[in-house]
Structures are given as structure tokens and as C-alpha cells.
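Given next are the chains, with one letter for each unit.
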Amino acid sequence: MAAEHALPPSEAPEGVARGRLRKAPEGFIDRAGVRAVFAEGRHGRRDFIRGAFAAALAGTAATRASGQANPVPAEGGDPNILNLPAHSRGLGQPVATDGYGKPSRYEANVQRRQSPGLTQTAQSSVSFAPLQSLFGIVTPSGLHFERHHQGWWDVDPSRHRFMVNGLVKKPMVFTMDELMRLPSVSRFHFIECGANTGMEWGNVAVPTVQYSHGMLSCSEFTGVPLITLLEMAGADLQAGKFVLAEGADGSSMTRTIPMGLVASGQVLVAYGQNGEMLRPENGYPLRLVVPGVQGVSWVKYLRRVEVGDQPWATKDEAVHYIDLMPDGMHRQYSSIQECKSVVTTPSGGQVLLDKGFYNVTGLAWSGRGRIKRVDVSVDGGRNWRTARLESPVQDKCLTRFNLDWAWDGRPALIQSRAMDETGYVQPTYRRLREVRGTRSIYHNNAIQSWLVQDNGEVKNVQLS
Ligand SMILES: Nc1nc2c(c(=O)[nH]1)N[C@H]1C(S)=C(S)[C@@H](COP(=O)(O)O)O[C@H]1N2
Ligand SMILES: [Mo]
């Protein structure tokens, strides 16, 4: 059974008491990958800030003994400055002629990871992107989350074909070469699996933002607008109210997409991702890009688009990716990913070493357009301050926000609340459950809370 569908059904009451800790499933505690962010000096930037504070307080016990890589000594000077390192004295490495560049060996902890709380089979699997370690808005292709219903393939592009059929004058088949001759566009968009943050419905405190929100990535995609290909095939855009997208892998991934979205020119038949061809895990050589819509509709290994006059009600839209509502009815075709945000630092599993300055930072996105505003609270939603949005703020794209914060060393409850250009405001768990009930798996866009404890450890908590 697909991992996404093995998420536990919610038996949880309406949240838990304000700020109460929920127990993380044992297997989730992933110290090596998580604490590393601060405790092992993962961020040079933070070391710098910490060093600067320590210098300002020289002579005091400003630096907590913590096994830091670069403790600043109170007296005697910093050996990292006083002693010339080998890299300042000798010859460096020649150009890396052996092919494709790799991250520094000091970054080996930054990896996509499988969730120990989900069913793991070789073919139906999820890996989560390490949001806590990423900057800006672009997900490096090697860290893009993965969701495979039937395993991934490295498809031979010379043998891959893309077909357009259905309500068209002339059914057409394209080779990759033929597609890549056509006028193309490049655009930045987020992709989020509809099951992202699904465990939180069931009140399971997955310990890190990687597992709570990591089925989210953002890339620059390059491809041909699907509408161009439909026009080439003479599609009937009056009767043809929907298209069906079909993948070439064994999962028979098929999804209905409204023609309105296609006609707007936003849906792309994409071959490029972050300046190079798609990675095999992400659908090489061809995938559908459906901005704002949940990941499942971004069909990978795309081989066919059919034009039709009604939704197909395939297994992936009639049985899966549906929401059980409070009245017992199933909501279908709720494809748009509503406005959502999350603080990525400080976030669960990280450790703040000293009180003082921190850049609170995170990501906001909306399937309905641009992010207009993000507010941040450090007291569990009693008071809010408006965060700085980093430009560019793009349509259906991740937006990075930042907020200055001086931590006083006392427990703090950190939240972010995003608003998009339609005026929609990201809901609290209480609001979301009022509308959606407690038995959902998919489409959880509630406000996330992180508790900073007085010892600096950050925990995932759920506020009602
Ligand atoms: N052909 C095919 N397309 C697919 C899938 C799949 O298993 N097969 N998984 C879907 C789901 S559920 C998601 S969330 C996204 C994940 O895309 P990614 O693996 O590039 O992150 O691809 C979608 N497209
Ligand atoms: Mo998904």
C-alpha cells in the first residue's frame, strides 16, 4: 500500500493543551541529521554571530561548553586566526575534471531522508527534503523530495514518446527532440505533496520540519506550455473541459486537470529543472508542472495527455487524495494547495545555544498566487510581528521570510501565519478542524508551532 495512505487516521481530540509536548515516535529521533544544524556548528553564519557575541562579552562565561568546533577563547587569541591553516600555505586541488560537482564533505548531514514513521517499501516510498538546512527558495535538485508510487526509472529519452489525443483534430506523438525545438519558458514554482504535514492531523509529533513539511520543494522548471501542444493537435477547447495526464511508470498515475488551468498557459510539459534536465527521481525526461496544484498531478515520466469533456475519476482522484469531511462525505478534486507557511529555523530538533539574537526564518507559499504577508509570533499567537519577505515574491512559488528575534532564554512558542494575495489567511488547527474535522490525511495547511525550551531545545508542539 502506498506510504502516503498508511498515515494513521486521526483519533486525536481537538489538539492538545497549549504548548504541551507530544511524544515523538521513537524511530524518528534522528540526532545525527538534526542536532547537527546548531550543535555541530552546521551554520558558519551562526558561528559568526556567536563568535561576535562572545568577543563582545570577552572574559565572561559567554560560551557555553558545548563541544563547538570553534570556541572563541576568552584570552590568548583564536588559533584559527593566529595559525595559518594548510589551505593558506599550500597548493589546492586542480579543477574537478572528474565530472559532476558535489557538496563539501562537511555538509554530509544535509540529506533527504525517509520517515521511520511511514510504511517503507522499495517501490512505494517518500523521501523528505531537509528544509531546516536550506537557504533562499530553490531546492537543490539532489535534495528535492521524492514520492514514487511504483519506484523510479531512468528512462531513455531517445525512446520516450509524448502523445496528445482525445478531443483533438489530429492526435500527435512527439519525440523529446521535437518537444525541445518548440518555444519554451522557465518558471520558479513550488511542488507540495497533498499528504505533506499529514502526520500532524493525527497529532503525531514528528520531531523535525524535514518530516513535518519536507514533501515540499521548489525549482526553476523549463518546458513547453501544454496549451501550445494542444493547439498543435487542434484540441477542441470548447468541449474539452479537462485533460487527463498519464505517466509511463507502472503506477498508472493518471490525473484530471481542468482546461482552464491549461489554457492560462501555466501548465508546462517540462524537461528542465534548475538549469539542467530533470533528475530521474523527478520524472526524467518529461513531467507535467501544474503550478499551485498538489504534487500528485505533476505526473512524472509523462507519456500522454488526453482531452475530454468530463473528469475521469481515476483511482488517484476517486480513492486517494480525497478528504473525509465532518459530515462523512468525501471531498474530491481539491487540487489547489492552500496558503501555508512554516518556520524552518528555529525548528524541531534544533538547539539554541545562548540567548540573544536569532534570525527567525522560514518559507511561505500559496497555490492561489503570490504571498502577500507573513506574520511571526514567538508567544504562541498572542502577539504577531510582520516578517520581511525576501524578493523575488513569485506566483505559486516558495517565498522566504525573516524576522529579527532576541531570545531571552525563556520558553517561547514560535509560529508563522501566511496570507496570500487573495486575502486568504493560513488557519490555526482549531479553525482548520472546524471546517475539515479530524479524520483527514491530506491538505493540512495549519499554522505550525515550535516550542523553544529554556534549555534551548526546540520541540514540535500542537496548539489547539
Ligand atoms: N508517473 C508518476 N508521477 C508521479 C508520481 C508517481 O509515482 N508516478 N507521484 C506523484 C506524487 S504523489 C507526487 S507528490 C509527486 C512527487 O514528485 P517528486 O518525486 O519529483 O518530488 O509526483 C507525482 N507524480
Ligand atoms: Mo503526493
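Our structure's up above, just so we're on the same page.
Overview of the structure. Quick caveat, the model's predicted, so the values are computed rather than measured.

Oppositely charged side chains can pair when the atoms bearing their charge come close. Under the counting rule described, the total for this entry stands at 18 salt bridges. Measuring nitrogen to oxygen at the nearest pair gives 2.9 Å for the salt bridge that ties Glu246 to Arg303. Separated by 57 residues along the polypeptide, Glu246 in strand S7 (residues 242-247) and Arg303 in strand S12 (residues 302-308) bring together distant segments of the chain. Residue Asp316 is joined to Lys315 by a salt bridge in which the shortest nitrogen-to-oxygen separation is 2.5 Å. Through salt bridges with shared partners, a single ionic network connects Glu246, Arg303, Arg304 and Glu306.

To continue, consider the site of ligand 1. For ligand 1, the set of nearby residues contains 23 residues, the closest of which are Phe145, His149, Asp249, Asn282 and Lys300. Side-chain polar atom of His144 to an oxygen atom of ligand 1: 3.3 Å apart, as the coordinates give it. Taking 530 Å² as the accessible area of ligand 1 by itself, protein coverage stands at 100%. Applying the majority rule of atoms within 2 Å of the grid points places ligand 1 in the largest cavity. Examining the composition of the shell around ligand 1, we find that three residues originate from one element, strand S2 (residues 146-148), more than from any other. Within the shell around ligand 1, the residues separate by chemical class into nine nonpolar, seven polar and seven charged.

Of the volumes computed, that of the largest pocket is approximately 410 Å³. What lines the largest pocket is a set of 18 residues, and nearest its centre among them are Pro103, Val110, Pro140, Gly142 and Leu143. Put simply, the second largest pocket is a space of about 340 Å³. Along the wall of the second largest pocket there are 19 residues; nearest its centre are Glu338, Tyr424, Leu432, Arg436 and Asn445. Sorting elements by how many residues they give to the lining of the second largest pocket places helix H10 (residues 429-436) first, with four residues.

Turning to empty space enclosed by the protein, a few remarks are in order. Picture a little ball the size of a water molecule; that probe, rolled over the atoms, points out where space is still empty. All told, the structure shown has six cavities of 30 Å³ or more when counted by the stated rule. Size it by volume and the largest cavity reaches roughly 240 Å³. In terms of lining residues, the largest cavity is bounded by 22 residues, among which Arg147, Arg287, Gly295, Trp298 and Lys300 are the most central. Tallying contributions element by element places S2 first for the lining of the largest cavity, with three residues.

It is worth spelling out the side chain of Arg304 at this point. Counting through the fold element by element, Arg304 comes out in strand S12. Here the side chain of Arg304 touches Asn165 through a polar contact of 3.3 Å, side chain to side chain. A polar atom in the side chain of Arg304 sits 2.7 Å from the side chain of Glu306. Apart from residues no more than four positions distant in its own chain, Arg304 is found in contact with Phe162, Met163, Asn165, Leu244, Ala245 and Glu246.

All buried positions along H10 are accounted for by Tyr429, Leu432, Arg433 and Arg436. In an axial view of H10, the angular spread of the buried residues amounts to 95°, which keeps them on one side of the axis. In this fold, the buried residues of H10 make contact with strand S13 (323-324) and strand S14 (330-331). The first or second residue beyond H10 is Gly437, which carries a positive phi of 75°.

So, on to the environment of Asn444. Within the element layout of this structure, Asn444 appears in the loop between H10 and strand S22 (449-452). The buried category is assigned to Asn444, whose relative accessible area is 1%. Between the C-alpha atoms of Asn444 and Tyr429, which are 15 residues apart in sequence, the distance is 9.0 Å. Separated by 3.1 Å, the side chain of Asn444 and the backbone oxygen of Thr197 make a polar contact.

Looking now at the sheet that holds strand S15 (residues 340-345). One open sheet holds the four strands; their spatial order is S15-S16-S20-S19, and the pairing between them is antiparallel. Each having just a single partner strand, S15 and strand S19 (388-389) make up the two edges of the open sheet. Bridge analysis of S15 against strand S16 (residues 356-365) gives five bridges, and the strand direction is antiparallel. Opposite Thr345, over in S16, you have Thr361 as the bridge partner.

As a further point, take the nonpolar core. Among the nonpolar cores identified, the biggest contains 86 residues, and Phe162, Leu226 and Leu230 are the most heavily contacted of them. The element best represented in this core is S16, accounting for five residues. Excluding its chain neighbours within four sequence positions, the residues that come into contact with Phe162 are Met172, Val173, Phe174, Leu179, Leu226, Leu229, Val269, Leu286, Leu302, Arg303, Arg304 and Val305.

Right, let's get into the packing of aromatic side chains. Per the counting criterion, the structure on display carries seven aromatic pairs. Geometrically, the ring pair formed by Trp405 and Trp407 is tilted, given 6.5 Å between the ring centres and 40° between the ring planes. Above the face of the Trp384 ring, Arg417 is positioned so that its terminal group lies 4.1 Å from the ring centre.

Thresholds applied
- Residues numbered from 1 in each chain as written.
- Chains lettered and ligands numbered in written order.
- Predicted model: local features only at pLDDT ≥ 70, side-chain atom pairs only at ≥ 80, totals over all residues.
- Heavy atoms only, no water.
- Salt bridge = Lys/Arg side-chain N within 4 Å of Asp/Glu carboxyl O.
- Helix = DSSP H or I, 4+ residues; strand = E, 2+ residues; numbered from the N terminus.
- Near = heavy atom within 4 Å.
- Polar contact = N/O pair within 3.5 Å; in protein donor to acceptor, adjacent residues only side chain to side chain.
- Areas by Shrake-Rupley, 256 points an atom, 1.4 Å probe, with all protein chains shown as cover.
- 1 Å grid on protein atoms, 1.4 Å probe; cavity = no way out; pocket = protein on both sides within 12 Å on 5 of 7 lines; lining within 4 Å.
- Sits in = over half its atoms within 2 Å of the grid points.
- Nonpolar A, V, L, I, M, F, W, Y, C, P; charged D, E, K, R; others polar.
- Points joined across faces, edges and corners; volume = space filled by probe spheres on them.
- Contact = heavy atoms within 4.5 Å.
- Buried < 20%, exposed > 50% of the residue type's maximum accessible area, 1.4 Å probe, protein only.
- Arc of directions from axis to C-beta.
- Pairing = 2+ DSSP bridges.
- Core = buried A, V, L, I, M, F, W, Y, C linked by side-chain atoms within 4.5 Å.
- Phe/Tyr/Trp six-rings, centres within 6.5 Å; stacked < 30°, edge-to-face > 60°.
- Lys NZ or Arg CZ within 6 Å of the ring centre and 35° of its normal.

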